[in-house]
Amino acid sequence: MNSSFRSVGILGTGSCLPEKVVTNHDLAKIVDTSHEWIVSRTGIHTRRITDDNTATSDLATNAAKIALERANIKAEDLDLIIVTTVTPDMNFPSTACIVQSNIGAKKAAAFDLEAACSGFLYGISVADQFIKTGAYDNVLVIGAETLSKITNWNDRNTCVLFGDGAGAVVLGPIEEGRGILSTYLGADGEGGKFLTMPAGGSRMPASIQSVEQNLHYIKMDGSEVFKFAVRIMGNAAKKALELCNLRVDDIDYLVPHQANTRIISSAAKRLNLPMEKVYVNLDIYGNMSAASIPVALDEAVSKGEIKKGDNVVLVGFGGGLTWGSCVIKW
Ligand code: ACO
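What comes next concerns the included structure.

Conventions we followed
Residues numbered from 1 in each chain as written. Predicted model: local features only at pLDDT ≥ 70, side-chain atom pairs only at ≥ 80, totals over all residues. Heavy atoms only, no water. Helix = DSSP H or I, 4+ residues; strand = E, 2+ residues; numbered from the N terminus. Rg over C-alpha atoms; globule rule 2.2 N^0.38 Å. Buried < 20%, exposed > 50% of the residue type's maximum accessible area, 1.4 Å probe, protein only. Areas by Shrake-Rupley, 256 points an atom, 1.4 Å probe, with all protein chains shown as cover. Lys, Arg positive; Asp, Glu negative; His and termini not counted. Charge placed at Lys NZ, Arg CZ, Asp CG, Glu CD. Pairing = 2+ DSSP bridges. Axes fitted to C-alpha atoms, helices over the stretch in contact; angles between N-to-C directions. Contact = heavy atoms within 4.5 Å. Core = buried A, V, L, I, M, F, W, Y, C linked by side-chain atoms within 4.5 Å. Near = heavy atom within 4 Å. Polar contact = N/O pair within 3.5 Å; in protein donor to acceptor, adjacent residues only side chain to side chain. Nonpolar A, V, L, I, M, F, W, Y, C, P; charged D, E, K, R; others polar. Parallel < 35°, antiparallel > 145°, perpendicular 65-115°, else oblique. Left-handed = near helix turned anticlockwise from the far one by under 90°.

Some words on the overall build of the chain
For the chain, the helix and strand inventory stands at 11 helices and 13 strands. Against the globule reference of 20 Å for 330 residues, the chain gives a C-alpha radius of gyration of 19 Å, in line with a compact fold. Dimensions of the chain, computed from the C-alpha atoms along their principal axes, are close to 55 × 45 × 35 Å. Burial status across the chain gives 55% buried among its 330 residues. When the accessible area of the chain is evaluated, it comes to approximately 14200 Å², of which 49% is carbon and sulfur surface. Charge-centre separation for the chain: the mean point of 31 positive side chains lies 4 Å from the mean point of 36 negative side chains.

Observations regarding the sheet that holds strand β5 (residues 109–113)
Pairing is mixed across the open sheet formed by 5 strands, whose spatial order is β1-β7-β6-β4-β5. Only two strands of the sheet have a single partner each, and these edge strands are β1 (7–16) and β5. Taking the axes of each pair of neighbouring strands and ignoring which way they run, one obtains an average angle of 20° across the sheet. Bridge count for strand β4 (residues 80–84) against β5 is 5 bridges, and the pairing is parallel. Residue pairing in the sheet places V83 in a bridge with D112 of β5. Packed on one face of the sheet, helix α3 (residues 56–71) meets β1, β6 (139–146) and β7 (164–174) and runs near 130° to β1.

Examining the environment of S7
Structurally, S7 is set in strand β1. The spatial distance from the C-alpha of S7 to the C-alpha of D137 is 11 Å, given a sequence separation of 130 residues.

Brief notes about the nonpolar core
In globular proteins that are soluble, nonpolar side chains generally tend to be buried together. Ranked by internal contacts, the top residues of the largest apolar core, which has 44 residues, are L241, I263, L273, V313, F317 and V327. Taken together, the elements giving at least two residues each to this core come down to α8 (222–243), α9 (261–271), β12 (311–318) and β13 (322–329). The element that contributes the greatest number of residues to this core is α8, accounting for 10 residues. With near-sequence residues (within four places) excluded, V313 lies in contact with A237, L241, I251, Y253, L254, V255, C326 and V327. One finds L80, A115, V169 and I328 within the second-largest nonpolar core, a separate group that totals 30 residues.

Comments concerning the site of the ligand
Residues in close proximity to the ligand total 23 residues, the closest being T33, R41, R156, N260 and R262. Between the ligand and R156 there is a distance of 2.9 Å, counted from an oxygen atom to a side-chain nitrogen or oxygen. Compared with its free state, where it exposes 1000 Å², the ligand has 72% of that area covered by protein. Counting residues per element, the ones that place at least two in the shell around the ligand are α2 (35–42), α6 (156–159) and α8. For the shell around the ligand, the element with the highest residue contribution is α8, accounting for 4 residues. A per-class count over the shell around the ligand returns 11 nonpolar, 8 polar and 4 charged.

Section: the packing of α3 against helix α4 (residues 95–103)
Interaxial distance between α3 and α4 falls to 9 Å at its minimum, and their mutual angle equals 55°. Taken together, α3 and α4 sit at an angle that is classed as oblique. Handedness of the α3/α4 crossing: right-handed. Two secondary-structure elements touch here, α3 through T56, S57, A60, T61, K65 and L68 and α4 through T95, I98, V99, N102 and I103. Taken together, the residues that form the contact of α3 with α4 break down as 5 nonpolar, 5 polar and 1 charged.

Right, dumping it as structure tokens:
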């Protein structure tokens, strides 16, 4: 790393989950599935779902307020807000601008960043560049999703997988030797077709036909995404470690994207990392896309499982296809 760069760390974390809990038994009343199938194939028992009046920015705003309080940073002192999401409140204005207004971060620039489930890692990496070069001091990065709004509740292949939620972090300059040690991002547009929401953009604007054909919902080739995920999670974690000259043995804690326990455990196995060092909460929240990693991170920090000085690896994959990883000395 260029020694003239500043060290960048996470100053505070926060999260917000909707109250409503949907169980596998609830889903078995809607589609042809069972609690046993869902648990054995995914590890998911429950997920949280927003009500009709709650949008992504509402969850994002609540998570942001908690992260700011814990970071002891005032909203007026933020320089930049990045919201990573595939479920923005609307195409424009950006959800980041809505959050900026909600929290009163008057001097902050704001934009949305879309890299599906890898979004939070992309957001962290962008924030890192702005802060380490000295361009900005305080950056808020939020991963927030209401995937329930783009889920086809009649499609058993997808509706059992997802949940809603938001996680936020405030980043800023910190003492040398701690904070973000490396970030690594990747993409493979060739695989984009495996995970899409086909309609609602300029390729296929909303029409009566697009609605009738269920094209505003998530479409997924589950087995292709699964194969990609198992391969990329271990590779991406190793790459970020290499970039800061650390080894798998140096990892104190791994916070992976929460899509499927089988994906997480095969990644841990490929890394030769014991599951005691891996944070898993998808059993209660399901896959919250860009919100999964920051919510898991917030929980692990709040429970005291991540401690000062720990080497923490964040790693994720998602639509695009995209992937990312990050090593942080906490
Ligand atoms: N209940 C019962 N049966 C089901 C269900 C269900 N909920 N869903 C699918 N099935 C059936 C299918 O119809 C299929 O039946 P068939 O063989 O008769 O056609 C069979 O189960 C599929 O079985 P498998 O292929 O063995 O299922 P698999 O072990 O691959 O698990 C799963 C499927 C859970 C989707 C897995 O592939 C997976 O987790 N993939 C990755 C998903 C992912 O991470 N997506 C990221 C999206 S995040 C984002 O960017 C928004």
